Amino acid sequence: MTSFDLKTEIKASPAQLHYADTLFYGALLGFVMMLITYALYVFGILEPSTGEVVEWKTHRTLMGLLLFIAIGIMAGMFGL
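Residues numbered from 1 in each chain as written. Predicted model: local features only at pLDDT ≥ 70, side-chain atom pairs only at ≥ 80, totals over all residues. Heavy atoms only, no water.

Draft legend 1. Focus on the overall build of the protein chain. For the protein chain, the helix and strand inventory stands at three helices and zero strands. The order of α-helices and β-strands along the protein chain, N terminus first, is α-α-α. Expressed as a percentage of the 80 residues in the protein chain, the buried residues total 0%. (Helix = DSSP H or I, 4+ residues; strand = E, 2+ residues; numbered from the N terminus. Buried < 20%, exposed > 50% of the residue type's maximum accessible area, 1.4 Å probe, protein only.)

And the structure:
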């Protein structure tokens, strides 16, 4: 068995590098926004909630589940 260095063996295309940069900066932006909103919450500038209770219940759950399964099967059949 021969060992090799992955950094010298694997070459990424410019499109792959651009995609990786897009993912990196998107994740960085999300992390910075999370830190900013956390700081606003800690310093009392942003309130966590109003304390209001919202009445909510599910409806059409069975139909939605069946449609989700059907769409998943069709997407799998056609490679989507």
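Draft legend 2. Expanded view of helix α2 (residues 14-42). Along its 29 residues, α2 runs 42 Å from first to last C-alpha, staying within 8% of the 42 Å computed at 1.5 Å per residue. Where α2 ends, the next residue or the one after it, Gly 44, has phi of about 80°, a positive value. (Expected span 1.5 Å × (residues − 1).)

Draft legend 3. Molecular detail of a nonpolar patch on the surface. There is a patch of nonpolar side chains on the surface, built from Phe 24, Tyr 25, Leu 28, Val 32, Ile 36, Tyr 38, Leu 40, Tyr 41, Val 42, Phe 43, Ile 45 and Leu 46 and spanning about 1,300 Å² of accessible area. With respect to the helices, strands and loops of the structure, Tyr 25 is situated in helix α2. Classification of Tyr 25 by relative accessible area gives exposed; the value is 53%. (Patch = residues over 30% accessible without salt bridge, like charges linked within 9 Å, V, L, I, M, F, W, Y side chains within 5 Å. Areas by Shrake-Rupley, 256 points an atom, 1.4 Å probe, with all protein chains shown as cover. Salt bridge = Lys/Arg side-chain N within 4 Å of Asp/Glu carboxyl O.)

Draft legend 4. Structural view of unusual backbone geometry. Non-glycine residue Arg 60 carries a positive phi angle of around 55°. Inspection of the secondary structure assignment puts Arg 60 in the loop between α2 and α3 (61-78). According to the relative accessible area criterion, Arg 60 is exposed, its value standing at 63%.

Draft legend 5. Geometry of the packing of aromatic side chains. With the rule as written, the count across this model stands at one aromatic pair. Centre to centre, the rings of Phe 24 and Tyr 25 are 5.1 Å apart; their planes meet at 70°, and the pair counts as edge-to-face. Owing to a relative accessible area of 48%, Phe 24 belongs among the partly exposed residues under this scheme. (Phe/Tyr/Trp six-rings, centres within 6.5 Å; stacked < 30°, edge-to-face > 60°.)

Honestly, it's all geometry; don't read function into it.
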